Amino acid sequence: MKFIEAILFLVAGFLGMEIFSWLIHKYVMHGALWQVHKTHHVRAKGFLEKNDLFSLSFGTVAVVLIVLGLPGLDYRFWIGCGISLYGLLYFVLHDVLIHRRVRTSQKPVGRYLDGIAKAHRDHHRSAERDGAVCFGLLWVPLRYFRK
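Computed from a predicted model, the values in this text were never measured in an experiment.

Undergrad: Which residues make up the pattern of salt bridges, and what values do they have?
TA: Counted under the stated rule, the structure contains seven salt bridges. We note a salt bridge from Arg76 to Asp74, for which the minimum N-O separation is 2.6 Å. Arg125 is the partner of Asp122 in a salt bridge, and the nearest nitrogen-oxygen pair spans 2.7 Å. Under the relative-accessibility criterion, Asp122 is labelled partly exposed at 22%. Put simply, Glu49, Asp52, Asp95 and Arg101 are held in one network by salt bridges that share partners.

Undergrad: Can you tell me about the environment of Arg146, naming the residues and giving the values?
TA: Structurally, the position occupied by Arg146 is in the segment after helix H5 (111–124). Separated by 35 residues in sequence, Arg146 and Arg111 place their C-alpha atoms 8.3 Å apart. Apart from residues lying up to four places away in sequence, Arg146 is in contact with Arg111 and Lys118.

Undergrad: So what's going on with the packing of aromatic side chains? Residues and values would help.
TA: Applying the stated criterion across every chain yields a total of seven aromatic pairs. Centre to centre, the rings of Phe20 and Phe58 are 5.8 Å apart; their planes meet at 75 degrees, and the pair counts as edge-to-face. Of the two residues, Phe20 sits in helix H1 (residues 3–32) while Phe58 sits in helix H3 (residues 52–69), which places them 38 residues apart along the sequence. Where Trp22 meets Tyr27, the ring centres are 6.2 Å apart and the plane angle is 70 degrees; that geometry is what we call edge-to-face.

Undergrad: Can you tell me about unusual backbone geometry, naming the residues and giving the values?
TA: Positive phi outside glycine occurs at Leu73, with the angle close to 50 degrees. Inspection of the secondary structure assignment puts Leu73 in the loop between H3 and helix H4 (75–98). A relative accessible area of 36% places Leu73 in the partly exposed class.

The rules behind each value
Residues numbered from 1 in each chain as written. Predicted model: local features only at pLDDT ≥ 70, side-chain atom pairs only at ≥ 80, totals over all residues. Heavy atoms only, no water. Salt bridge = Lys/Arg side-chain N within 4 Å of Asp/Glu carboxyl O. Buried < 20%, exposed > 50% of the residue type's maximum accessible area, 1.4 Å probe, protein only. Helix = DSSP H or I, 4+ residues; strand = E, 2+ residues; numbered from the N terminus. Contact = heavy atoms within 4.5 Å. Phe/Tyr/Trp six-rings, centres within 6.5 Å; stacked < 30°, edge-to-face > 60°.

See the structure below:
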């Protein structure tokens, strides 16, 4: 596989996860699997929450793709790497910087990160299944980036 093809598949895996996770978040997590996801909206004490099962399932898909694509570093390998890269960014932005699940003194800095944090706070204003807004992580409405 050529370098440019590998990069395109990596980017496709990454961007595909933003689209896929938005759809899953809105229609599955706030739908049929609300009982699992609501543990994230109603913060329980403890480090882990049932909602972490979603991250575990996405990570499993990424690992399976990486392993299947390993022999020739084919498209599956690079898509799995893109999904993994998205998962890493999700962990840092969502779990560390926004929800502070890992203790650090770092806070979101900059207009873009501040906009993402504002959109996520709006998403959490509703502790109910319905009424939530902003289901994406990286792609949120422009109004959140205005001063």
